[in-house]
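Here's the letter readout for the chains.
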Amino acid sequence: MTNTSRHEPPTTGSRVAGWIGYVCVLASIAVVAMALFAAGDGFAGWTVVAVVIAAALLSTGAALITINLRHRRLRGSGGTPTHEPGVLD
């Protein structure tokens, strides 16, 4: 029986997008810590700036991670007999 599915390796763009997404989420956690420190010291202006930056980083990171995982899920596992189609590899 022939294997009709094609296994395409992940593109460099999708791998880079995934890693940038993870870095953005980690950076947003660091910025939240800085915002809490600024709020504790009474710097209200910097607190607002940090919260806006953290929200932007978190939403960008989540979007990139979601796009990367969706791309991998739609690509499938390559149709090997030990994997079900559509399972992350």
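Here goes a summary of the coordinates provided. (Residues numbered from 1 in each chain as written. Predicted model: local features only at pLDDT ≥ 70, side-chain atom pairs only at ≥ 80, totals over all residues. Heavy atoms only, no water.)

Side note on the overall build of the protein
Each helix and strand in the protein was counted, giving two helices and zero strands. Scored against the burial criterion, the 89 residues of the protein give a buried share of 21%. Taking the intrachain contacts of the protein between residues at least 6 apart in sequence as the baseline, contacts between residues at least 24 apart amount to 58%. Counting every atom, the protein has about 6500 Å² of accessible surface; 72% of that belongs to carbon and sulfur. (Helix = DSSP H or I, 4+ residues; strand = E, 2+ residues; numbered from the N terminus. Buried < 20%, exposed > 50% of the residue type's maximum accessible area, 1.4 Å probe, protein only. Contact = heavy atoms within 4.5 Å. Areas by Shrake-Rupley, 256 points an atom, 1.4 Å probe, with all protein chains shown as cover.)

Points about the packing of aromatic side chains
This model, assessed by the stated rule, comprises one aromatic pair. Aromatic side chains Trp19 and Tyr22 sit 5.8 Å apart centroid to centroid with 80° between the ring planes, which places their arrangement in the edge-to-face category. In this pair, Trp19 and Tyr22 are both assigned in helix H1 (residues 12–41), three residues apart and thus about one turn of the helix distant. Owing to a relative accessible area of 62%, Trp19 belongs among the exposed residues under this scheme. Here Tyr22 falls in the partly exposed class, since its relative accessible area comes to 36%. (Phe/Tyr/Trp six-rings, centres within 6.5 Å; stacked < 30°, edge-to-face > 60°.)

Here we look at the environment of Val48
Looking at where Val48 falls in the secondary structure, it is placed in helix H2 (residues 44–75). C-alpha of Val48 to C-alpha of Ala35: the two residues are 13 residues apart in sequence and 7.8 Å apart in space.

Describing a nonpolar patch on the surface
On the surface, Phe43, Trp46, Val49 and Ile53 cluster together into a nonpolar patch covering about 430 Å² of accessible area. Within the secondary structure, Phe43 sits in the loop between H1 and H2. For Phe43, a relative accessible area of 47% puts it in the partly exposed group. (Patch = residues over 30% accessible without salt bridge, like charges linked within 9 Å, V, L, I, M, F, W, Y side chains within 5 Å. Salt bridge = Lys/Arg side-chain N within 4 Å of Asp/Glu carboxyl O.)

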